[in-house]
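Next come the chains, spelled out residue by residue.
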Amino acid sequence: TDKSIFIMPSSCLPQTESFNSGIGNLSSEISQNYLEYMKNYLGFNIVEDLPPGQASPFNGLHCAYTSGAYALGTQQINPELLATNEFENLLTQQDLKDIADGNTTAEKNEIANFRNVMDNDGIQNKVLKRAHERFVKLEENNPIKQKYNQYIKENEFWLNIDRTGDFFKFNQFIGDEHLKIGKENLNKKGLKLCGDCLIGFSSDEVKAYPNAFTKDGYIGMPEWKLPALNYNALKDKNSDAYKVLKTKIQLFAKRYDMIRFDVAWAYVTPLVTPKGTNEIKEENK
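Here is a short report on the structure shown in this document. On a predicted model such as this, the values are computed, not experimentally measured, just so you know.

**Section: the nonpolar core**
If you look at the biggest cluster of nonpolar residues, it comprises 50 residues, and the most contacted ones within it are Tyr70, Leu82, Trp158, Leu229 and Tyr231. Those residues within four positions of tryptophan 158 in sequence are excluded, and the remaining contacts are Tyr70, Ala71, Tyr151, Gln172, Leu251 and Arg255.

Take a look at the structure:
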């Protein structure tokens, strides 16, 4: 109908036999070919992805809805792109082989391997540190270095939230660049990319702006245990709650063509679970 949305987690997009890291990537050629095929087959014009942050284990599985609101997860980085001239060959073919060789699970052709790509001690993370070391050695007038410096300046507000390491900033820059490439390639095919704006925030974000959140409750269902904004302060443009939420929405607006708001009703009629109870209460509208 050309009015349909194809919902898929980009981490589960296909990979090639020659490079199977464990997680698919929106900017890879095989993923783009797959989405173009599905577009022709199903007739959709919008692709919706899951929240783009660093998925963390939840009930034994990696969950995109437990990530932070600002930072991208390393699954947004396409190692194959880092091995091209466009990205100064920050990775070698041997580096790519090391990542693929790290994906040794018996179900590697059927089930995503988040540990190999997203865990701190995963092979991809170790290989990305090699890319960062090569990046640091680039001349300051190198175009990609200049683009990086501009990125750091424009995103200073959230990049410095308890995560001031240069390696973290490098991963965020590369992740945003690769997400942008994936979106632009979709746009060329007549597809729009929709981002899933999660309701939650990370513990780092809560620590950085404690006044933006309620101290005695969680948002939504009791088992979620997600930080609840100070919803009563949202209409005050000088409040931390307003600034924190505004930054989240601005980032999603920059990264995507459109936004799907996770638990959207919570912004209109917030339901907060008091800590230590299973009772949900309605906040002032």
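Read on, since the account is not over.
**So, the packing of helix α6 (residues 143–154) against helix α8 (residues 166–188)**
One can describe the packing of α6 onto α8 by two numbers: an axis separation of 10 Å at closest approach and a directional angle of 105°. Relative to α8, α6 is oriented roughly perpendicular. Note on element contacts: α8 touches α6 through Asp166, Lys169, Phe170, Gln172, Phe173, Asp176 and Glu177, opposite Ile144, Lys147, Tyr148, Tyr151 and Ile152. Partitioned by chemical class, the residues of the contact of α6 with α8 number 6 nonpolar, 1 polar and 5 charged.

**Thoughts on the packing of aromatic side chains**
Across all of its chains, the model carries 12 aromatic pairs by this definition. Taking the centre distance of 5.2 Å and the plane angle of 75° together, the rings of phenylalanine 201 and phenylalanine 213 count as edge-to-face. Placement of phenylalanine 201 in the loop between β5 (192–197) and α9 (203–208) and of phenylalanine 213 in strand β6 (residues 213–219) is noted, with a sequence separation of 12 residues between them. Accessibility assignment for this pair places phenylalanine 201 and phenylalanine 213 in one class, buried. Taking 6.1 Å as the distance between ring centres and 80° as the angle between the ring planes, the aromatic pair formed by phenylalanine 261 and tyrosine 267 counts as edge-to-face. Ring-pair connections join several aromatic residues into one group, and the members of that group are Tyr70, Phe157, Phe201, Tyr209 and Phe213.

**Topic: the packing of helix α5 (residues 123–136) against α8**
Contact geometry for α5 and α8: axes closest at 10 Å, N-to-C directions at 95°. Regarding the angle of α5 to α8, the classification is roughly perpendicular. For the pair α5 and α8, contact is made by Asn125, Leu128, Lys129, Ala131, His132 and Phe135 and by Asp166, Phe167, Phe170 and Asn171, respectively. Considered class by class, the residues forming the contact of α5 with α8 number 5 nonpolar, 3 polar and 2 charged.

**Looking at α6**
Compared with the 16 Å implied by 1.5 Å per residue over 12 residues, the 17 Å span of α6 between its first and last C-alpha is a close match. Buried within α6 we find Ile144, Lys145, Tyr148, Tyr151 and Ile152. The buried residues of α6 occupy an angular sector of 115° when the element is viewed end-on, so they sit on one face. Residues of α6 that are exposed and angled more than 90 degrees away from the buried face: Pro143, Lys153 and Glu154. A side-chain oxygen of the first residue of α6 lies 3.0 Å from the backbone nitrogen of isoleucine 144; this N-cap is asparagine 142.

Cut-offs used in this document
- Residues numbered from 1 in each chain as written.
- Predicted model: local features only at pLDDT ≥ 70, side-chain atom pairs only at ≥ 80, totals over all residues.
- Heavy atoms only, no water.
- Core = buried A, V, L, I, M, F, W, Y, C linked by side-chain atoms within 4.5 Å.
- Buried < 20%, exposed > 50% of the residue type's maximum accessible area, 1.4 Å probe, protein only.
- Contact = heavy atoms within 4.5 Å.
- Axes fitted to C-alpha atoms, helices over the stretch in contact; angles between N-to-C directions.
- Helix = DSSP H or I, 4+ residues; strand = E, 2+ residues; numbered from the N terminus.
- Parallel < 35°, antiparallel > 145°, perpendicular 65-115°, else oblique.
- Nonpolar A, V, L, I, M, F, W, Y, C, P; charged D, E, K, R; others polar.
- Phe/Tyr/Trp six-rings, centres within 6.5 Å; stacked < 30°, edge-to-face > 60°.
- Expected span 1.5 Å × (residues − 1).
- Arc of directions from axis to C-beta.
- Polar contact = N/O pair within 3.5 Å; in protein donor to acceptor, adjacent residues only side chain to side chain.

In short, the description is geometric, and any link to function would need to be established separately.
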